[in-house]
Amino acid sequence: MLTEKEKMLAGEMYSPEDSVLVEERANARKLTQEYNGPISYEERENILKKLLGSTGESIMIEPSFQVDYGYNIHVGENFFANFNCVFLDVCPIRFGKNAMLGSAVHILTPEHPLDPTERNSGYEFARPITIGDNCWIGGNVTIVGGVTLGDNVVIAAGATVTKSFGDNVVIGGVPARVLREIDVKD
C-alpha cells in the first residue's frame, strides 16, 4: 500500500492532511520565511540549495517566494525569477537552463476533482510541469499541472497556460494559444 506522499508524487488522489506531508510543508514554510526576510543574497542562495530539489550554480529568485514542498522543484543553470512567484510543487516542476520569469508567476501542479463530493473530501491530485531551455515567462503568468513547454518559448504577460506547446513559439492569452512562431531573425 502506498503512503500518501507516494500517491502524491505519482499523481494519484492523496490526502494533503497526512502528518508527513503537513510536516514537510511546515519545513518549506520555515525556509521560505527565512528566505523572504532581510538577509543577504548569499544566505538566500544557501537556503535555495537546501529547499529546492536541484539547482544550477547561477540561480536568483527575488523575494517573496512561496512553495508547497520545495524538493519537487528543479531549476537549471542561469535561473531567474522576479518578485512574488508561487510554485505549488505537489508534483515535480522542472525548468531547463536560462529560464527567466517575471513577477507574480504562478506554477501550480495541484488539482482538485470536479465532482463536488470528491472535491469536498479534501483529497487532491497533481500533474507535473516541465519547462524547456531558454524560456521567458512574463509577469502574472499562471501555468497549471500537466503542461510541458518546449525550448525557446516566450509567454506573454498575464497568460494562463493550460496545455502544452512545442519549441520556438510566443504564446499568450487566456487560455494561452500560439501568437506566432520564433525564427532565427528574431
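Our subject in this report is the structure included herewith. Keep in mind that this is a model prediction, so the values were computed, not measured. Think of each chain on its own: its residues are numbered from 1, step by step along the sequence as written. Given that this is a predicted model, residues contribute local features only at a pLDDT of at least 70 and side-chain atom pairs are listed and counted only at 80 or more, while totals for whole chains, interfaces and linings are drawn from all residues. Side-chain metrics rest on all non-hydrogen atoms present in the structure, leaving aside hydrogens and water.

## Overview of the packing of aromatic side chains
The condition is simple: Note on aromatic pairs: the rings of Phe, Tyr and Trp (six-membered ring only in Trp) are paired at centre separations within 6.5 Å, and the planes decide the class, stacked below 30 degrees, edge-to-face beyond 60, tilted for the rest. Helix and strand definitions follow DSSP, with helices as H or I runs of at least four residues and strands as E runs of at least two, each counted in order from the N terminus. Any residue under 20% of the maximum accessible area for its type is buried, any over 50% is exposed, and the rest in between are partly exposed; the area is computed with a 1.4 Å probe on protein chains only. We call a charge positioned over a ring when the NZ of a Lys or the CZ of an Arg lies within 6 Å of the ring centre and within 35 degrees of the ring normal.
Using the criterion set out here, one finds five aromatic pairs in the structure. Between the aromatic rings of Y35 and F65, the centroid separation amounts to 6.2 Å while the plane-to-plane angle is 65°, which identifies the pairing as edge-to-face. On the criterion of sequence distance, the pair formed by Y35 in helix α2 (residues 19-35) and F65 in strand β2 (residues 65-67) is long-range, its members being 30 residues apart. Considered together, Y35 and F65 belong to a single accessibility category, that of buried residues. Both rings, one in F87 and one in F95, keep their centres 5.5 Å apart while their planes meet at 35°; by these two values the pair is tilted. Judged by relative accessible area, which is 0%, F87 ranks as buried. Counting every residue linked through ring pairs, the aromatic cluster contains Y35, F65, F79, F87 and F95. Residue placement shows R44 over the ring face of Y35; its charged tip is 5.7 Å from the ring centre. R44 extends its terminal NZ or CZ atom over the ring of Y41, reaching a point 6.0 Å from the ring centre.

## Looking at the pairing of strand β17 (residues 169-172)
Put simply, the test is: Two strands are counted as paired when DSSP detects at least two bridges linking them.
Side chains of β17 alternate between two faces, with V169 and I171 and V170 and G172 buried alike. In this sheet, β17 lies alongside strand β15 (residues 154-155) in parallel orientation, the contact comprising two bridges. Residue pairing across strands places V154 opposite V170, the latter belonging to β17. Taking the residues between adjacent antiparallel strands as the criterion, β17 and strand β18 (residues 177-181) are bridged by four residues, where G173 takes a positive phi near 100°.

## Some remarks on the pattern of salt bridges
Rules: Each reported salt bridge corresponds to a side-chain nitrogen of Lys or Arg within 4 Å of a carboxyl oxygen of Asp or Glu.
Under the defined criterion, the tally for this structure stands at five salt bridges. Between K5 and E24 there is a salt bridge whose closest N-O contact spans 2.8 Å. Highlighted residues: K5 in helix α1 (residues 4-9) and E24 in helix α2, separated in sequence by 19 residues. One salt bridge in this structure joins E34 and K30, with 3.4 Å as the shortest N-O distance. Taken together, the residues span about one helical turn, with E34 and K30 both in helix α2 at a distance of four residues. Overall, K30 belongs to the partly exposed group, its relative accessible area being 49%.

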